[in-house]
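Coordinates in review
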Amino acid sequence: MRLADFDFELPRQLIAERPVEPRDAARLLHVPAAGAFADRRIADLPELLRPGDLLVGNDTRVIPARLVGTRGAATVEITLAHDLGGGNWQAYAKGARRLHPGDRIVFGCDFAAEVAAKEAGGSLSLRFDREGEAFAAALARYGAMPLPPYIKRPRSRFPRGDPRDQGHYQTMFARTPGAVAAPTAGLHFTPGLVERLAAHDIAVAMLTLHVGPGTFLPVRSDDPRAHAMHAEWGVVGGETARRIRAARARGGRIVAIGTTSLRLLETAAAESGEVAPFAGETRLFILPGYRFKAIDLLLTNFHLPRSSLFMLVAALAGLDRIKAAYAHATAAGYRFFSYGDACLIEPAAVAPANARRAD
């Protein structure tokens, strides 16, 4: 297994800069376990799924984690990564090498942070001048949505981010603040779609996984098995675990809304596939050869080449099959990445469980 195995060509014009409206009008590529691919719409989900199926989504809420401040005369751009408690945050900075412990970064006339430490891997520990509700209020005032780097916004027009992204980069399920990246498969859902699913006896349950900036970090090792995943905090509540068991007992399938839901469900699952209540960190890295236990289908957006998420979908569908699906999507003009279209993937035949699990 080599990193180059997970590469593919993608024309820049297929990277979506804005979501479609309405959200469930996005295109959906159905990738069955065998046979022809089918070009559909997200709105077709009630017909593509079966009565008794259970969709499991992620109710994390993206915080405005991108901050632009000054250190003396220099501009500093910060992306928050992880709340360390007590007003302290792990963060990443452009030009972090020029920052040193003790440096003060000013984000507004009444909002600042001090560099407490520089960490291995290029991150910083920042100590803000407030915490709790006061910090959340300052972040709402001065922060911007942490869009992925492939979505471009002209800084001359939007120095603190395009305000439209405050709504666009948030799912209808968003309840629990803490993510610094959106669980993008959930962006396609609307209240009307959920109602139509319910009319077909297809329910939706929620878990929480606070997506971190590691979701955008490239895999750099030529052997992907050497890649280290960043930890992300997640919770599978007792009610969601109960609903999953009940759906399985009546013959329903578990459909993960996005790779974040999938990874947390697989982390919480026993070898038998039973999902128990869970609260903690996951570093689960899914590569081809992984035996999926907790889910039956995956609804997900199209992912970057050589990324850990493309490796995950290759593990589910099979590498040749998913490359063929992506080639079909490219030729058909599907829109890619966070604001793009989606695919509904049925798993390939079960393979031996020889992928690396780190959780």
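A word on the nonpolar core
For soluble globular proteins, nonpolar side chains are generally found buried alongside one another. Grouped together as the largest cluster of nonpolar side chains are 68 residues, with contacts concentrated most on Leu29, Leu265, Ile295, Ile322 and Phe336. Per-element tally for this core: the top contributor is helix α7 (residues 308-317), with 8 residues. Setting aside residues up to four positions removed in sequence, Phe336 forms contacts with Phe8, Leu10, Leu14, Ile15, Ala16, Phe302, Tyr326, Ala329 and Thr330. By size, the runner-up hydrophobic cluster in this structure holds 24 residues, among which are Ala93, Leu126, Leu139 and Val180.

Things to note about helix α8 (residues 319-331)
End to end, α8 covers 18 Å across 13 residues, agreeing with the expected 18 Å (1.5 Å per residue, within 8%). Along α8, the positions that sit buried rather than exposed are Arg321, Ile322, Ala325, Tyr326 and Ala329. Projected onto a plane normal to the axis of α8, the buried residues spread over an arc of 135 degrees and lie on a single side. Away from the buried face of α8 by more than 90 degrees, exposed residues Asp320 and Ala331 are located. Of the residues one or two after α8, Gly333 is the one with positive phi, at around 75 degrees.

Quick word on the packing of aromatic side chains
Enumeration according to the criterion identifies 19 aromatic pairs in this entry. On the basis of an interplanar angle of 45 degrees and a centroid distance of 5.7 Å, the ring pair of Phe107 and Phe111 is categorised as tilted. Overall, Phe107 belongs to the buried group, its relative accessible area being 3%. For Phe111, a relative accessible area of 1% translates into the label buried.

As for the pattern of salt bridges
Opposite charge on two side chains makes pairing possible when the charged atoms of those side chains draw close. Scanning the entire structure with this criterion turns up 23 salt bridges. Between Arg18 and Asp162 there is a salt bridge, with its nearest N and O atoms 2.5 Å apart. Residue Arg18 is found in the segment before β1 (27-31), and its partner Asp162 is found in the loop between α2 (132-142) and α3 (165-168); the two are separated by 144 residues along the sequence. Judged by its relative accessible area of 4%, Asp162 is buried.

About the cut-offs
Residues numbered from 1 in each chain as written. Predicted model: local features only at pLDDT ≥ 70, side-chain atom pairs only at ≥ 80, totals over all residues. Heavy atoms only, no water. Core = buried A, V, L, I, M, F, W, Y, C linked by side-chain atoms within 4.5 Å. Buried < 20%, exposed > 50% of the residue type's maximum accessible area, 1.4 Å probe, protein only. Helix = DSSP H or I, 4+ residues; strand = E, 2+ residues; numbered from the N terminus. Contact = heavy atoms within 4.5 Å. Expected span 1.5 Å × (residues − 1). Arc of directions from axis to C-beta. Phe/Tyr/Trp six-rings, centres within 6.5 Å; stacked < 30°, edge-to-face > 60°. Salt bridge = Lys/Arg side-chain N within 4 Å of Asp/Glu carboxyl O.

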